[in-house]
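Chain residues, written in single-letter form:
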Amino acid sequence: MKRLAVATALAATAVLSTGGGHAQAATAPDPVKSMKKQFVAGRGVLVSETTRSTISGTKGAAVARTTGTIGFVKSGTANHDLTTRWKPQPDMTLPVNTASTRAIKVGRFTYVSGFGWGEMPAGAKWIRFGKDNSSWGSMGQRGDQLVDVFNPAVLKNALAKATIAKPGEYRGTLTAKDLYGESGVYEVDKVSFRLFVNRDQLPVRLITEHREKDTLIPNEDHKLVRRTVHSLVDTRYTGWGTKVKIVAPPAHEAVDFDDLPGPLAPEPWIGNP
């Protein structure tokens, strides 16, 4: 938690210097109402995210950088086009897949490329999730951020659970049940969060910290071992109202996950964009 405190102390200074921490007028809209106003087809927001992960039983850390676009529709459901690149640190003992991974979500389907999938059918460049398998990006997860600020219900719950609330900033802790109801998510018990909003009450930065227990991670011998992953995720949102157009890959280039001819490739990897 000390690392989160140090990182976010700087974040608070940055937000205050740009007006994000200025007191709002009494009649200013709340973040949930402000978010709902953004749900316009063809509009969206830009995302820039950095994740630092440490894994039990290993040394060092891996740093992931995710960038891309979130697109809205009138119902509020957010599509996205995100690319993640993992950068292993010099002192890290566990190898990671450094190839970029791209995830495109359009409607109820998510298309993923660049992962170590193993053998692919001729002409297939994308794995499609959502028909019979929605495990990729389920629960509204995008990148490594577990708190879905684009979901009004989740955002409202997070604000209600904030133990510190002041102009431009909300801070608190959420349980998996708070975020996802009875279904939970992975092996996460709780998520500490710090949310910064601008004068329009729209999120400009979200910093979270969480642990995932019993996560299967390949070791140096390519054997899956259960480990605990500790992640600090720092996400920035800019360009609210930006014109966006997110298009699914060509149908002939996609194969459903359940139709893959073989198991996932054994290359070492961590991270889901």
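Model, not experiment: these values are computed from the prediction.

Trainee: How would you sum up the packing of aromatic side chains? Please name residues and give values.
Mentor: Going through the model one piece at a time under the given rule, you end up with 7 aromatic pairs. With a centroid separation of 5.6 Å and 85° between ring planes, the pair formed by Phe 150 and Tyr 237 is classed as edge-to-face. In this pair, Phe 150 sits in the loop between strand S6 (126-129) and helix H3 (152-161) while Tyr 237 sits in strand S11 (residues 224-243), placing the two residues 87 residues apart along the sequence. What makes Tyr 237 buried here is its relative accessible area of 4%. Look at Phe 150 and Trp 240: their rings are 6.1 Å apart centre to centre, the planes differ by 55°, and that puts the pair in the tilted class. With Phe 150 in the loop between S6 and H3 and Trp 240 in strand S11, this pair connects stretches of sequence that are 90 residues apart.

Trainee: Provide a residue-level description of H3, including the pertinent values.
Mentor: Each α-helix turn comprises 3.6 residues. Residues three or four places apart therefore point the same way. Among the residues of H3, Val 154, Leu 155, Ala 158 and Leu 159 are the ones counted as buried. Here the buried residues of H3 occupy an arc of 135° about the axis, which is enough to place them on one side. When the buried face of H3 is taken as reference, the exposed residues oriented beyond 90 degrees from it are Ala 153, Lys 156 and Ala 160. Lining the buried residues of H3 we find helix H2 (31-36), strand S7 (162-166), strand S8 (169-175), helix H4 (176-180) and strand S9 (188-197).

Trainee: Can you lay out a positive patch on the surface for me, pointing to particular residues and giving the numbers?
Mentor: Taken together, Lys 33, Lys 36, Lys 37 and Lys 156 make up a surface patch of like positive charges. For Lys 33, the location among the structural elements is in helix H2.

Trainee: Before we move on, could you go through the pairing of S9 and cite the residues and values that matter?
Mentor: Judged by how many residues are buried, S9 sits mostly within the fold: 8 of 10 residues are covered. Sheet topology note: the S8/S9 ladder contains 7 bridges and is antiparallel. Counterpart to Leu 174 in the pairing with S9 is Val 191.

Trainee: Before we move on, could you go through the side chain of Glu 49 and cite the residues and values that matter?
Mentor: Checked against the element boundaries, Glu 49 lands in strand S1 (residues 43-55). Here Glu 49 is buried and forms no salt bridge, its nearest opposite-charge partner Arg 65 lying at an N-O distance of 9.3 Å. A distance of 2.7 Å separates a polar atom in the side chain of Glu 49 from a polar atom in the side chain of Thr 235. With near-sequence residues (within four places) excluded, Glu 49 lies in contact with Ala 64, Arg 65, Thr 66, Arg 142, Gly 143, Asp 144, Gln 145, Val 233, Asp 234 and Thr 235.

Trainee: Any details on the nonpolar core? Residues and values, ideally.
Mentor: Ranked by size, the top nonpolar core spans 31 residues in total, and within it Phe 72, Val 147, Phe 150, Phe 193, Leu 195, Tyr 237 and Trp 240 carry the most contacts. Counting residues per element, this core draws most heavily on S9, at 5 residues. Ala 103, Ile 127, Val 255 and Leu 260 belong to the second-largest nonpolar core, a separate cluster that totals 7 residues.

Trainee: Could you give an account of unusual backbone geometry, naming the residues involved and the relevant values?
Mentor: Leaving glycine out, the prevailing phi sign among residues is negative, and the prevailing peptide bond configuration is trans. Although it is not a glycine, Gln 201 sits at a positive phi angle of roughly 70°. Residue placement: Gln 201 occurs in the loop between S9 and strand S10 (203-218).

Trainee: Explain the pairing of S1 residue by residue, including any values.
Mentor: Two elements, S1 and S11, share 12 bridges in a ladder whose sense is antiparallel. Note that in S11 the partner of Thr 54 across the bridge is His 230. Alignment of S1 against strand S2 (residues 62-72), held across 10 bridges, turns out to be antiparallel. Looking at the pairing, Ser 48 lines up with Thr 67 of S2. Connecting the antiparallel pair S1 and S2 is a turn made up of 6 residues, with Gly 57 showing a positive phi of about 80°.

Conventions adopted
- Residues numbered from 1 in each chain as written.
- Predicted model: local features only at pLDDT ≥ 70, side-chain atom pairs only at ≥ 80, totals over all residues.
- Heavy atoms only, no water.
- Phe/Tyr/Trp six-rings, centres within 6.5 Å; stacked < 30°, edge-to-face > 60°.
- Helix = DSSP H or I, 4+ residues; strand = E, 2+ residues; numbered from the N terminus.
- Buried < 20%, exposed > 50% of the residue type's maximum accessible area, 1.4 Å probe, protein only.
- Arc of directions from axis to C-beta.
- Contact = heavy atoms within 4.5 Å.
- Patch = residues over 30% accessible without salt bridge, like charges linked within 9 Å, V, L, I, M, F, W, Y side chains within 5 Å.
- Areas by Shrake-Rupley, 256 points an atom, 1.4 Å probe, with all protein chains shown as cover.
- Salt bridge = Lys/Arg side-chain N within 4 Å of Asp/Glu carboxyl O.
- Lys, Arg positive; Asp, Glu negative; His and termini not counted.
- Charge placed at Lys NZ, Arg CZ, Asp CG, Glu CD.
- Pairing = 2+ DSSP bridges.
- Polar contact = N/O pair within 3.5 Å; in protein donor to acceptor, adjacent residues only side chain to side chain.
- Core = buried A, V, L, I, M, F, W, Y, C linked by side-chain atoms within 4.5 Å.

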